[in-house]
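Here is how the chains run, residue by residue.
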Amino acid sequence: MTQPKRVPPSILSAVFAISFAVLAYQVLLMRLFAIVQWHHFAYMAISIALLGFGASGTFLFLARAWIQRRFAAAFVVNALFFGISGLAGFALAQHLPFNPLEVVWRPTQLLYLLAFYALFTVPFFAGANCIGLTFQRYAHVIGRVYAVNLVGSGLGALGMIAALMVLAPQDILKGVAALGVAAAAGAALRLARHRGWVAVAVVMGAALVLVLPPSWLAPVMSPYKSLSMALNVPGAQVIAERSSPLSLLSVVQSPTVPFRHAPGLSLLNQTEPPAQLGIFADGGGPMPITAFSGDLDALGYLGYTTSALPYHLLSDPEVLVLGAGGGADVLQALYHGAHAVDAVELDPGVVRLVQDTHRTFAGDLYGRPDVRVHVADARAFVTASSATWDLIQIPLLDSFAAGAAGVHGLSESYVYTLEAFETYLSRLKPGGYLAVTRWLKLPPRDSLKLFATALRALTRQGVTEPAGRIAMVRGWNTVTILVRAADIAPADVDVIRAFAARRAFDLAYAPGMKPEEANRFNILQEPYFHQATQALVGAKRERFLNAYKFDIRPATDDRPYFFDFFRWRSLGEFLALRSVGGAGMIEWGYPVLFATLVQATVLSAALILLPLWLRRRPVRSSVGTGRVMVYFTCLGLAFMFVEIAFIQRFILFLGHPVYAVAVVLAGFLVFAGMGSAIAPRFAAWAEAWMATRVKRGPVRALGPTGWAAGLVACGVLVYQAALPGVFAVAWDLGGGGRIALSLALIAPLAFFMGMPFPLGLGRVNAHAPRLVAWAWGVNGCFSVIGAIGATILAVHFGFGLVIAAAALLYALAGVVGVTARAGGGESANKR
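Cut-offs applied
Residues numbered from 1 in each chain as written. Predicted model: local features only at pLDDT ≥ 70, side-chain atom pairs only at ≥ 80, totals over all residues. Heavy atoms only, no water. Helix = DSSP H or I, 4+ residues; strand = E, 2+ residues; numbered from the N terminus. Buried < 20%, exposed > 50% of the residue type's maximum accessible area, 1.4 Å probe, protein only. Contact = heavy atoms within 4.5 Å. Pairing = 2+ DSSP bridges. Axes fitted to C-alpha atoms, helices over the stretch in contact; angles between N-to-C directions. Phe/Tyr/Trp six-rings, centres within 6.5 Å; stacked < 30°, edge-to-face > 60°. Expected span 1.5 Å × (residues − 1). Patch = residues over 30% accessible without salt bridge, like charges linked within 9 Å, V, L, I, M, F, W, Y side chains within 5 Å. Areas by Shrake-Rupley, 256 points an atom, 1.4 Å probe, with all protein chains shown as cover. Salt bridge = Lys/Arg side-chain N within 4 Å of Asp/Glu carboxyl O. Right-handed = clockwise from strand over helix to strand, strands pointing away. Core = buried A, V, L, I, M, F, W, Y, C linked by side-chain atoms within 4.5 Å. Polar contact = N/O pair within 3.5 Å; in protein donor to acceptor, adjacent residues only side chain to side chain. Parallel < 35°, antiparallel > 145°, perpendicular 65-115°, else oblique. Left-handed = near helix turned anticlockwise from the far one by under 90°. Nonpolar A, V, L, I, M, F, W, Y, C, P; charged D, E, K, R; others polar.

Draft legend 1. Region of interest: the overall build of the protein. Along its length, the protein carries 27 helices and twelve strands. Relative to its full complement of 831 residues, the protein shows a buried share of 62%. Looking at the protein alone, contacts between residues at least 24 apart form 78% of all its contacts between residues at least 6 apart.

Draft legend 2. Structural detail: the sheet that holds strand S9 (residues 428-439). The mixed open sheet is built from eight strands, whose spatial order is S7-S6-S5-S8-S9-S11-S10-S12. At either margin of the open sheet sits one strand with a lone partner, and together these are strand S7 (371-375) and strand S12 (506-509). Across this sheet, the average inter-strand angle for adjacent strands is 20°, counted without regard to direction. Along the sheet, helix H10 (residues 328-335) contacts strand S5 (318-322), strand S6 (340-345), S7 and strand S8 (389-394); its crossing angle with S6, the most-contacted strand, is approximately 170°.

Draft legend 3. Main features of the packing of aromatic side chains. Applying the stated criterion to the full structure yields 31 aromatic pairs. Between Phe-59 and Phe-125 the ring centres are 5.6 Å apart and the planes differ by 65°, which places this aromatic pair in the edge-to-face class. Linking Phe-59 in helix H2 (residues 44-62) with Phe-125 in helix H5 (residues 108-137), this pair joins segments that are 66 residues apart in sequence. Overall, Phe-59 belongs to the partly exposed group, its relative accessible area being 32%. Note on Phe-135 and Phe-757: the rings are 6.4 Å apart at their centroids and 50° apart in plane angle, and the pair reads as tilted. Taken as a pair, Phe-135 in helix H5 and Phe-757 in helix H25 (residues 756-767) lie far apart in primary sequence, 622 residues in all. Across the pair, Phe-757 and Phe-135 agree in class, each one buried.

Draft legend 4. Summary view of helix H27 (residues 799-816). The first and last C-alpha atoms of H27 sit 25 Å apart over 18 residues, in line with the 26 Å expected at 1.5 Å per residue. Of the residues making up H27, those classed as buried are Phe-799, Gly-800, Val-802, Ile-803, Ala-806, Ala-807, Leu-809, Tyr-810, Ala-813 and Gly-814. Once H27 finishes, Gly-817 follows within two positions and takes phi at roughly 55°, a positive value.

Draft legend 5. Local environment of a nonpolar patch on the surface. On the surface, a cluster of nonpolar side chains totalling about 360 Å² of accessible area is made up of Trp-568, Phe-594, Val-598 and Val-602. Ranked by the residues each element gives to the nonpolar patch, the list is headed by helix H20 (residues 589-615), at three residues. Its place among the elements puts Phe-594 in helix H20. Given a relative accessible area of 34%, Phe-594 falls into the partly exposed group.

Draft legend 6. Expanded view of the environment of Gly-710. If you trace the backbone, Gly-710 turns up in helix H23 (residues 698-728). Of the residues examined, Gly-710 reaches a relative accessible area of 27% and is grouped as partly exposed. A C-alpha to C-alpha distance of 8.2 Å links Gly-710 and Ala-813, two positions 103 residues apart in sequence.

Draft legend 7. Quick peek at the pairing of S6. Taken across its six residues, S6 has six buried, putting it largely inside the fold. Side chains Ala-340, Asp-342 and Val-344 of S6 all project onto a buried face; the interleaved residues Val-341, Ala-343 and Glu-345 project onto the opposite face, where all are buried too. Where S5 and S6 come together, five bridges link them in parallel fashion. Across the sheet, Glu-318 pairs through a bridge with Ala-340, a residue of S6. Taken together, S5, H10 and S6 form a β-α-β motif whose crossover is right-handed. Here five bridges tie S6 to S7, and the two strands are oriented parallel to one another.

Draft legend 8. Structural detail: the sheet that holds strand S4 (residues 284-290). With antiparallel pairing, the four strands of this open sheet are ordered in space as S1-S2-S3-S4. Of all the strands in the sheet, just strand S1 (237-243) and S4 have a single pairing partner and so form its edges. With strand direction ignored, the average angle separating the axes of adjacent strands in the sheet is 25°.

Draft legend 9. The nonpolar core, seen in detail. Core analysis: the biggest nonpolar cluster contains 150 residues, and Phe-632 and Phe-650 have the highest contact counts within it. In terms of residue count, helix H21 (residues 625-654) provides more of this core than any other element does, 20 residues in total.

Draft legend 10. Quick peek at the side chain of Thr-480. With respect to the helices and strands, Thr-480 occurs in strand S11 (residues 478-484). A relative accessible area of 0% means that Thr-480 is categorised as buried. For Thr-480, the side chain forms a polar contact with the main-chain nitrogen of Ser-307, separated by 3.5 Å. Beyond its immediate chain neighbours, meaning those up to four positions away, Thr-480 contacts Thr-306, Ser-307, Val-436, Thr-437, Ala-471, Met-472 and Val-473.

Draft legend 11. Inspection of the side chain of Arg-484 at higher detail. Mapped onto the elements, Arg-484 comes out in strand S11. In this structure Arg-484 comes out as buried when scored by relative accessible area, which is 16%. Only 3.2 Å separates the side chain of Arg-484 from the backbone oxygen of Gly-431, close enough to count as a polar contact. A polar contact of 3.5 Å, which involves the side chain of Arg-484, links it to the side chain of Tyr-433. Other than its neighbours up to four places away in sequence, Arg-484 contacts Gly-431, Gly-432, Tyr-433, Leu-458, Arg-469, Ala-489 and Asp-492.

Draft legend 12. Helix H14 (residues 418-426), seen in detail. Burial runs high along H14: seven of the nine residues are buried. By the burial criterion, the buried members of H14 are Leu-418, Ala-420, Phe-421, Glu-422, Thr-423, Tyr-424 and Leu-425. Of the surrounding secondary structure, the elements contacted by the buried residues of H14 are S5, helix H12 (378-384), S8, S9, helix H15 (446-460) and S11.

Draft legend 13. Focus on the pairing of strand S2 (residues 248-253). Counting buried positions over the six residues of S2 gives five, a clear majority of the element. Two strands pair when backbone bridges link them, and S1 and S2 are joined in this way by six bridges, in the antiparallel orientation. From the neighbouring strand, Glu-241 faces S2, where its bridge partner is Ser-250. Pairing of S2 with strand S3 (residues 276-281), which is carried by four bridges, proceeds in the antiparallel orientation. Note that in S3 the partner of Leu-249 across the bridge is Ala-281.

Draft legend 14. Unusual backbone geometry, seen in detail. Here the residue pair Leu-442 and Pro-443 is connected by a cis peptide bond, since its omega of -10° sits within 30 degrees of zero. Inspection of the secondary structure puts Pro-443 in the loop between S9 and H15. The phi dihedral of Asp-282 falls on the positive side, at around 50°, and the residue is not glycine. Relative to the elements of secondary structure, Asp-282 occurs in the loop between S3 and S4. One non-glycine residue with positive phi stands out, namely Asp-364, at about 50°. Mapped onto the fold, Asp-364 is located in the loop between helix H11 (348-357) and S7.

Draft legend 15. Fine view of the packing of helix H1 (residues 9-36) against helix H4 (residues 71-93). The interhelical angle for the contact between H1 and H4, taken along N-to-C directions, is 15°, at an axis separation of 12 Å. The angle between H1 and H4 places the two elements in the roughly parallel class. The way H1 lies across H4 gives a crossing that is left-handed. Touching Ile-11, Ala-14, Val-15, Ile-18, Ala-21, Val-22, Tyr-25 and Leu-32 of H1 are Phe-71, Phe-75, Ala-79, Phe-82, Gly-86 and Phe-90, all from H4. Among the residues making up the contact of H1 with H4, the classes are represented as 13 nonpolar, one polar and no charged.

Draft legend 16. Representation of the pattern of salt bridges within the structure. Applying the stated criterion across every chain, the model contains 18 salt bridges. For Asp-282, the salt bridge identified is with Arg-31, shortest N-O distance 2.9 Å. Here Asp-282, found in the loop between S3 and S4, pairs with Arg-31, found in helix H1; they are 251 residues apart in sequence, far enough to count as distant. The partner of Asp-492 in a salt bridge is Arg-484, and the shortest N-O contact between them spans 3.8 Å. Classification of Asp-492 by relative accessible area gives buried; the value is 17%. Three or more residues are tied together by salt bridges with common partners; here these are Glu-318, Asp-342 and Arg-372.

Structure (structure tokens):
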């Protein structure tokens, strides 16, 4: 089949539209998955998308001869199918009884997970068919097509973030589907026959998108989310809802059974909390907005929580609250006499609800002269600030339901890392306190990890006796840890004892405390918290950390998974105890991710090997099928390793996963698209340079594909070394400045990352055109495995290893290459 000499503008426009739509759909699914399930399930969208691309490569390889003769019609059908299946898949998935919390002990959930994957793979399969068809049809100018594909994809990621600022996710879903219909209409212009029927199909597709009832697309949250449980209370109702790229905020009023949200409240408290409204972010929470008339005496109950402890050790403090939410911890600071409070809240929507929508109900709390509100990421704010405080308070940032279920296991958090603790301690005034409150879990996990983190942070700051600067108290459902910027004096220990005794809280650790002082009020079978903290401050700390059934070693910025306590060796024991509650001790994020990796690996292997088995005859070429597979396998794994690692790196810098995903995806795709467009010129320059300067040897043998991959490998290592230093001097930039700097940092590396794929695919087209779609599929399948595998590697070894592995894979791709061997091969113009 003779290939056309140029790509018609209508086809390039259609490729741009479908590429924009596919990436926008992927980012949108990340938001919808975070709403329906939990945040870490959002990353399933990446692997689902890439699985669709892998399946597309296999299909196009098997149907190459038949489908290329019907290029325009096939493009139209697939673009329409993308739009329709994108809507239908989400609507149908709402009715799947998939519950990730049951995956380990109920095998049928794996079937639902497979069905979940299948429903969402279909639209990505259809969208990838449009792109893959164009690659096959115009493989001789692959650089230009690939550039349009990547630029469209990158702008789709940014466009989705902009859309989420003004529209609800379910409303945007229709717009994404409409883009698929628009791409079909563009491709239909190339049809020589049946234009009338195609026009009818396009119009019907558009009508279906527009008339689909909104209720079919409204996200249905997991029944185990806090909002779902709150709405089960008679009379409870959502009275306000706000949507943004960061979260879906729901304000709930419950007049029949009023909210009385006061985590860690002592059973000896005698002051009734005022009326409250509950703010739920993506179904998690609540963050209470407390009715406040200005009378601080009405807030007496806030003195009976474990988080009130540091206020009894300080006088007239200046306080920083990280994660102010609806203002409960700000009220607590004011009740205890704080003369100034800095309240940091990431989500501007939450601040607007307290400051504007419910201003009267909240008593204009965020408008008081002694309260300064900052809309910023907690870690970024502290890092960029040169101020110091008497108390840095980190309240509960997640719901009890989510914490107890262990669904945050793969949620990165830079608030609780070792480097974060070092930063907090450096911002304390002399004698100041860092106070962190967590939910109480049995056996102890969160609290012990925080304790170990505080010990390590103090040690790294040169404190020779860190145990003398830490205290811990526990109530019946919360634990508060204090870390002081100086030794805790005996008189202060007496204050801690008195505070705990008056409120029936238990001392878990304090300098000089005796074993009999532990486990007096909220009595456990053993004084687990005291025993564990004593082990952590003792000489056998490492032995205890290695032997403990949960991973409680400090999280770091390189391994920011604070909530990951999972250890494989404990899984069997917990499952054996599942009939008596053992399953609740498993952190479910990791097993679900591992099950996803197994499924993706099996499916990818089938998609790669199936077409070769069905052909049953080798594809003769001078580049070699094995070499093609290794080259595109390395590119698929390496590109995703870099992308996932950079998303995590930029979460810390940009302050939120959604921003990081959009900026990193857009940056890599747009600038990689530019690199792809320049790739043919780079190859010509490299060939000309080598022809005059390098006659033979390994440099000559690598060829342009090897050069491009080698440059990327070197660049990845340079970025790994340089990024922390760049971030360190750029914290004081505003949000727009950080985004601009992020794109500028990504641009050079992404530019060269866009070259190896089109250069390699161009070589394949020149010597084995039948393998073009198969190579595209191999790349897609291993991108799936790379997206999941990168997270698993990071959980165990850190993102530094992920980036090093990416550099090694790019180097291997450069060495293997797809440079033609001496001998024949297929003609590019033969089927």
